[in-house]
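# What the coordinates show
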Amino acid sequence: MSQNPFARFARWLGLDRNPLRRRCDRVEAVVRLAAVLGVVAAVVFGVLLGVREYGDGLKTEARQAHDRYQVVATLSGDVATPRLSVAGAAVGHAQAAWQAPDGTPRSGVIEVSPSRRAGETVRIWTDATGVITPRPQDRETTVVAAMTVGTGVPLAAAAFLALLVTCTRMVNQRRARRAWEAQWTVVEPMWRINGR
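Rules used in this analysis
Residues numbered from 1 in each chain as written. Predicted model: local features only at pLDDT ≥ 70, side-chain atom pairs only at ≥ 80, totals over all residues. Heavy atoms only, no water. Core = buried A, V, L, I, M, F, W, Y, C linked by side-chain atoms within 4.5 Å. Buried < 20%, exposed > 50% of the residue type's maximum accessible area, 1.4 Å probe, protein only. Helix = DSSP H or I, 4+ residues; strand = E, 2+ residues; numbered from the N terminus. Contact = heavy atoms within 4.5 Å. Salt bridge = Lys/Arg side-chain N within 4 Å of Asp/Glu carboxyl O. pLDDT = per-residue confidence, 0-100.

## Things to note about the nonpolar core
Formed by Val71, Ala73, Leu75, Val79, Ala94, Ala96, Trp98, Ile110, Val112, Val122 and Ile124, the largest nonpolar core amounts to 11 residues. Of all the secondary-structure elements, those providing two or more residues to this core are strand E1 (69-75), strand E3 (90-99), strand E4 (105-112) and strand E5 (121-126). Residue contacts for Ile110: discarding those within four places in its chain leaves Ala73, Leu75, Gly92, His93, Ala94, Ala96, Trp98, Val122, Ile124 and Ile132.

Pasting the structure below:
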């Protein structure tokens, strides 16, 4: 038997000319070959999606950097009802006043740290008219989103195809065991007679 890893891989994929290969072995080899080709296609597709997601993220970064402004807001009241944010940090709400980039005076409730008091200033993000907006998307968020999409597709495809190969192998082994048992029930009586 060859120790060449490429020859062993080709044999595993059913690309050799083994005359002893049964029909169920050929089916299993076809499923393995399709799974390998599917994973390769998923990697290429994932890379293309990741690159596209990164490009879209760069456009979003540029657009939000152009459309969002950081302004100074003055708290007009103490923080009320502190709670935990999604990130696990304590946040509260307080009434504040600020001036929009176009000069319009604005006021409203903003999220701040519970330690802030009335009269303190905080920086917030707004659009051109002074409406509060989330902070602009940064490069780290863009890269993480692109990496998530780029690796998520191949990993999901690989998991699905590995499950398909495993299930095919289990079904084939079960059918092979049944075939052996059926053949043994035919051979066993003759073997016992001749083996006396």
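Now that the structure has been shown, the text picks up again.
## Let's talk about the pattern of salt bridges
Across all of its chains, the model carries 4 salt bridges by this definition. Ionic pairing is found between Arg169 and Glu28, a salt bridge with its closest N-O pair at 2.7 Å. With Arg169 in helix H3 (residues 139-194) and Glu28 in helix H2 (residues 23-67), this residue pair connects regions lying 141 residues apart in the sequence. Residue Glu28 is classed as buried on the basis of its relative accessible area, which comes to 6%. Across the pair Glu61 and Arg139 runs a salt bridge, and its minimum N-O distance is 3.1 Å. One end of the pair, Glu61, is in helix H2; the other, Arg139, is in helix H3, and 78 residues separate them in sequence. Looking at Glu61, the relative accessible area reads 11%, which means it is buried.

## What about the environment of Arg23?
Looking at the element boundaries, Arg23 is found in helix H2. Distance from Arg23 to Asn172, taken between C-alpha atoms, is 9.9 Å for residues 149 residues apart in sequence.

## Focus on the confidence of the model for the protein chain
The predicted model of the protein chain averages 83 in pLDDT, with 84% of residues at 70 or higher. Taking the mean pLDDT of every element in the protein chain, the minimum, 65, falls on strand E2 (residues 80-84) and the maximum, 91, on E1.

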